[in-house]
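Listed below are the residues making up each chain.
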Amino acid sequence: MGDQKKAFRVVQELDGLFVGFPSCMKNIDEVCRIADHYLKERLPGISDHIFALNLLMREGLTNAVRHGNRNDSKKEVCLSINLSGRTWVHMEIRDQGRGFDWKKLDMHRLPDTEDHGRGIPIMEQYASWYRYNDKGNVLYIGKEI
């Protein structure tokens, strides 16, 4: 991970975190570790919400790497976290892909044998709100804590 880790861009501020990283699945664990540490450091009592936040983050990052950037390590995925009044966590996950028509998502229940397609049900279960930009390459997530 040496070369990949060097390509990470991390900016931490009092009420915000930015992580830009090469679009590789193996980098998602490190991004989530950075984000978890940041959240635990900035928000006392976040432990009750860390599972949901981590799940939302992982799902969004995985989709950005796998579907948005198509595992192209020359492309970047960006995660931004903003702490709003210490009662909300806002996340933005951006990829450099062509986007997708999120308005036409099929919301039917997938068979257990499928290895994809569970992102929207996860968002609906764990996020307070979520939406995409018009192009479909930026995911916005809000979680009340």
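Undergrad: For this particular structure, what's the right way to read the overall build of the chain?
TA: If you tally the helices and strands in the chain, you get four helices and six strands. Each helix and strand of the chain, placed in order from N terminus to C terminus, yields the pattern α-β-β-α-α-β-β-α-β-β. The 145 residues of the chain split such that 43% are buried. Restricting to contacts in the chain with at least 6 residues of sequence separation, those with at least 24 account for 60%. For the chain, the computed accessible surface area is about 8,400 Å², with 48% contributed by carbon and sulfur atoms.

Undergrad: Sorry, what's going on with the packing of aromatic side chains here?
TA: We describe a pair of aromatic rings using the distance from one ring centre to the other and the angle between the two ring planes. One pass over the full model with this rule turns up three aromatic pairs. Between the aromatic rings of Phe-51 and Tyr-126, the centroid separation amounts to 5.9 Å while the plane-to-plane angle is 70 degrees, which identifies the pairing as edge-to-face. With Phe-51 in helix α3 (residues 50-68) and Tyr-126 in helix α4 (residues 119-126), the pair connects residues that are 75 residues apart, well separated along the chain. What makes Tyr-126 partly exposed here is its relative accessible area of 27%. Above the face of the Tyr-140 ring, Arg-131 is positioned so that its terminal group lies 4.4 Å from the ring centre.

Undergrad: Any chance you could explain the side chain of Asn-133 here in plain terms?
TA: Its location among the elements puts Asn-133 in the loop between β5 (129-132) and β6 (138-144). Judged by its relative accessible area of 17%, Asn-133 is buried. Here the side chain of Asn-133 touches Gly-136 through a polar contact of 2.8 Å, landing on its backbone nitrogen. Apart from the residues lying within four places of it in its own chain, the contact partners of Asn-133 are Trp-102, Val-138 and Tyr-140.

Undergrad: Just checking my understanding: could you explain the nonpolar core for this structure?
TA: Note on soluble globular proteins: their nonpolar side chains tend to be buried together. By size, the foremost hydrophobic cluster in this structure holds 34 residues, and its most contacted members are Leu-39, Leu-61, Leu-79, Ile-81 and Met-91. Those elements that place two or more of their residues in this core are β2 (16-22), α2 (28-42), α3, β3 (76-84), β4 (88-94), α4 and β6.

Undergrad: Would you mind going over the sheet that holds strand β1 (residues 9-13) with me for this structure?
TA: Either a parallel or an antiparallel arrangement is found when strands of a sheet pair, and the pairing is made through backbone hydrogen bonds. With respect to topology, six strands assemble into an open sheet ordered β1-β2-β3-β4-β6-β5, the strand pairing being antiparallel. In this open sheet, the two edge strands, each paired with only one partner strand, are β1 and β5. For this sheet the average axis-to-axis angle between neighbouring strands, irrespective of direction, equals 10 degrees. By the bridge criterion, seven bridges tie β3 to β4 in an arrangement that is antiparallel. Paired with Ser-84 across the two strands is Trp-88, which belongs to β4. Running at roughly 145 degrees to β5, α4 makes contact with β5 and β6 of the sheet.

Undergrad: Hey, could you run me through the pattern of salt bridges in this one?
TA: Opposite charge on two side chains permits pairing when their charged atoms draw close. Enumeration over the complete set of coordinates arrives at five salt bridges. Ionic pairing is found between Arg-33 and Glu-30, a salt bridge with its closest N-O pair at 2.8 Å. Taken together, the positions of Arg-33 and Glu-30, both in helix α2 and three residues apart, correspond to about one turn of that helix. Residue classification places Glu-30 among the buried positions, given a relative accessible area of 12%. Glu-92 is the partner of Arg-94 in a salt bridge, and the nearest nitrogen-oxygen pair spans 3.0 Å. According to the relative accessible area criterion, Arg-94 is partly exposed, its value standing at 36%.

What counts as what
- Residues numbered from 1 in each chain as written.
- Predicted model: local features only at pLDDT ≥ 70, side-chain atom pairs only at ≥ 80, totals over all residues.
- Heavy atoms only, no water.
- Helix = DSSP H or I, 4+ residues; strand = E, 2+ residues; numbered from the N terminus.
- Buried < 20%, exposed > 50% of the residue type's maximum accessible area, 1.4 Å probe, protein only.
- Contact = heavy atoms within 4.5 Å.
- Areas by Shrake-Rupley, 256 points an atom, 1.4 Å probe, with all protein chains shown as cover.
- Phe/Tyr/Trp six-rings, centres within 6.5 Å; stacked < 30°, edge-to-face > 60°.
- Lys NZ or Arg CZ within 6 Å of the ring centre and 35° of its normal.
- Polar contact = N/O pair within 3.5 Å; in protein donor to acceptor, adjacent residues only side chain to side chain.
- Core = buried A, V, L, I, M, F, W, Y, C linked by side-chain atoms within 4.5 Å.
- Pairing = 2+ DSSP bridges.
- Axes fitted to C-alpha atoms, helices over the stretch in contact; angles between N-to-C directions.
- Salt bridge = Lys/Arg side-chain N within 4 Å of Asp/Glu carboxyl O.

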